[in-house]
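Summary of structural features
Below are the chains, spelled out letter by letter.
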Amino acid sequence: EAEKVVFDLRDYERVKGQLQGDAAAPPAQLREQDAVPFITLKRVRDARAQKRRTAEVDARFGALPPGLRSALLPFQAEGVRFGLSRGGRVLIADEMGL
């Protein structure tokens, strides 16, 4: 029976490289079908990055003056959070009279 090893996803590429043929590594095999698919890695990494961005946006939004935060309507607060999540690089516009 194969031995199971658990490692952090941040170390995946390094571990994969070791298993695929680093001469200094003990003999091991990593079959292509055993590797984590690229799209799976991308989605997990994107989800982790989004979680970090959400925490940063919450911190920045919380740093706004309380008077400003309390004056914002819900849709306006959402727009501010959207802008903060993109580092302020946004264009927010609406039609007159809406």
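Residues numbered from 1 in each chain as written. Predicted model: local features only at pLDDT ≥ 70, side-chain atom pairs only at ≥ 80, totals over all residues. Heavy atoms only, no water.

Focus: helix α4 (residues 74–85)
For α4, spanning 12 residues, the distance from its first C-alpha to its last is 16 Å, which sits close to the expected 16 Å at 1.5 Å a residue. When α4 is considered as a whole, its buried residues turn out to be Ala77, Gly79 and Gly83. An end-on view of α4 places all buried positions within 155° of arc, on one side of the element. In α4, the exposed residues that point more than 90 degrees away from the buried face are Pro74, Phe75 and Glu78. At its buried positions, α4 is contacted by α2 (38–62). Gly87 sits one or two positions beyond α4 and adopts a positive phi of about 65°. (Helix = DSSP H or I, 4+ residues; strand = E, 2+ residues; numbered from the N terminus. Expected span 1.5 Å × (residues − 1). Buried < 20%, exposed > 50% of the residue type's maximum accessible area, 1.4 Å probe, protein only. Arc of directions from axis to C-beta. Contact = heavy atoms within 4.5 Å.)

Points about a nonpolar patch on the surface
Where nonpolar side chains cluster on the molecular surface, the patch consists of Phe82, Val90 and Ile92 and spans about 260 Å² of accessible area. Tracing the backbone through its elements, the reader meets Ile92 in the segment after α4. (Patch = residues over 30% accessible without salt bridge, like charges linked within 9 Å, V, L, I, M, F, W, Y side chains within 5 Å. Areas by Shrake-Rupley, 256 points an atom, 1.4 Å probe, with all protein chains shown as cover. Salt bridge = Lys/Arg side-chain N within 4 Å of Asp/Glu carboxyl O.)

Remarks on a positive patch on the surface
Residues Arg45, Arg48, Arg52, Arg53 and Arg86 make up a contiguous surface patch of positive charge. Relative to the helices and strands, Arg52 is located in helix α2. Judged by relative accessible area, which is 53%, Arg52 ranks as exposed. (Lys, Arg positive; Asp, Glu negative; His and termini not counted. Charge placed at Lys NZ, Arg CZ, Asp CG, Glu CD.)

Concerning α2
For α2, spanning 25 residues, the distance from its first C-alpha to its last is 36 Å, which sits close to the expected 36 Å at 1.5 Å a residue. Inspection of α2 places Leu41, Ala49, Val57 and Phe61 among the buried residues, and these make up the whole buried set.

Points about the packing of α2 against α4
Any two packed helices are characterised by the angle at which their axes cross and by the distance between the axes. Two elements in contact, α2 and α4, have axes whose closest approach is 9 Å; the angle formed by their N-to-C orientations is 120°. Relative to α4, α2 is oriented oblique. Classified by chirality, the crossing of α4 by α2 is right-handed. Here α2 contributes Val57, Asp58, Arg60 and Phe61 to the contact with α4, which in turn contributes Ala77, Val80, Arg81, Leu84 and Ser85. Grouping the constituent residues of the contact of α2 with α4 by class yields five nonpolar, one polar and three charged. (Axes fitted to C-alpha atoms, helices over the stretch in contact; angles between N-to-C directions. Parallel < 35°, antiparallel > 145°, perpendicular 65-115°, else oblique. Left-handed = near helix turned anticlockwise from the far one by under 90°. Nonpolar A, V, L, I, M, F, W, Y, C, P; charged D, E, K, R; others polar.)

Some remarks on the confidence of the model for the protein
Of all residues in the protein, 81% attain a pLDDT of 70 or more, and the chain-wide mean is 78. When pLDDT is averaged over each element of the protein, helix α3 (residues 66–71) comes out on top at 94 and helix α1 (residues 12–19) at the bottom at 74. (pLDDT = per-residue confidence, 0-100.)

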